[in-house]
Amino acid sequence: MVNVTLSVDEEDLKRARVLALEQGTSLNAVIRDFIKDYIGRTKRYRQVTERILRAAEHSRFDSGGHAWTRDELYKR
């Protein structure tokens, strides 16, 4: 593991430590879990985006050259 130095508002740090204690964990564990979750969400977002773009590339939809106006798109 690598040590990291962060700048955090003192009051936020106190509150985070209290919350971690209330949850029976350490602030280090909370931050490690956050980073792992952040990496996972970013990876999933990228995978979903790539899947949507691939599907769009293979779509057979053809507008026939028609460009809709905003009013046409939102007409009820």
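Not measured: the values here are computed from a predicted model. (Residues numbered from 1 in each chain as written. Predicted model: local features only at pLDDT ≥ 70, side-chain atom pairs only at ≥ 80, totals over all residues. Heavy atoms only, no water.)

(A) Structural context of helix α1 (residues 10–22). With 13 residues, α1 ought to run about 18 Å at 1.5 Å a step, and its terminal C-alpha atoms sit 19 Å apart, in line with that. If you check the start of α1, you find a side-chain oxygen 3.2 Å away from the backbone N of Glu-11, and it comes from Asp-9. Positioned one or two residues after α1, Gly-24 has a phi angle of 70 degrees, which is positive. (Helix = DSSP H or I, 4+ residues; strand = E, 2+ residues; numbered from the N terminus. Expected span 1.5 Å × (residues − 1). Polar contact = N/O pair within 3.5 Å; in protein donor to acceptor, adjacent residues only side chain to side chain.)

(B) Structural detail: the packing of aromatic side chains. Going through the model one piece at a time under the given rule, you end up with 1 aromatic pair. Ring centres 6.2 Å apart and planes at 15 degrees place the aromatic pair Phe-34 and Tyr-38 in the stacked group. Here the residue Phe-34 and the residue Tyr-38 both occupy positions in helix α2 (residues 27–57), the gap between them amounting to 4 residues, near one helical turn. (Phe/Tyr/Trp six-rings, centres within 6.5 Å; stacked < 30°, edge-to-face > 60°.)

(C) Local environment of a nonpolar patch on the surface. A contiguous nonpolar patch, built from Val-2, Val-4, Leu-6, Val-8, Val-30, Ile-31, Phe-34, Ile-35, Tyr-38 and Ile-39 and spanning about 980 Å² of accessible area, is present on the exposed surface. With respect to the element layout, Ile-39 can be found in helix α2. On the accessibility criterion, Ile-39 (51% relative accessible area) is exposed. (Patch = residues over 30% accessible without salt bridge, like charges linked within 9 Å, V, L, I, M, F, W, Y side chains within 5 Å. Areas by Shrake-Rupley, 256 points an atom, 1.4 Å probe, with all protein chains shown as cover. Salt bridge = Lys/Arg side-chain N within 4 Å of Asp/Glu carboxyl O. Buried < 20%, exposed > 50% of the residue type's maximum accessible area, 1.4 Å probe, protein only.)

(D) Spotlight on the pattern of salt bridges. According to the stated counting rule, one finds 3 salt bridges in the structure shown. With its nearest N and O atoms 3.8 Å apart, the salt bridge here joins Arg-15 to Glu-11. With Arg-15 and Glu-11 both in helix α1 and 4 residues apart, this pair spans about one turn of that helix. Under the relative-accessibility criterion, Arg-15 is labelled exposed at 53%. A relative accessible area of 39% places Glu-11 in the partly exposed class.

(E) A look at the confidence of the model for the chain. Predicted confidence across the chain gives a mean pLDDT of 91, with 99% of residues reaching 70 or more. Taken element by element, the predicted model of the chain shows its lowest mean pLDDT in helix α3 (residues 70–74) (88) and its highest in α1 (97). (pLDDT = per-residue confidence, 0-100.)

(F) Region of the structure containing α2. Given a rise of 1.5 Å per residue, 31 residues ought to cover 45 Å, and the 45 Å separating the end C-alpha atoms of α2 matches this to within 8%. Residues of α2 that are buried: Leu-27, Ala-29 and Gly-40. Lining the buried residues of α2 we find α1. (Contact = heavy atoms within 4.5 Å.)

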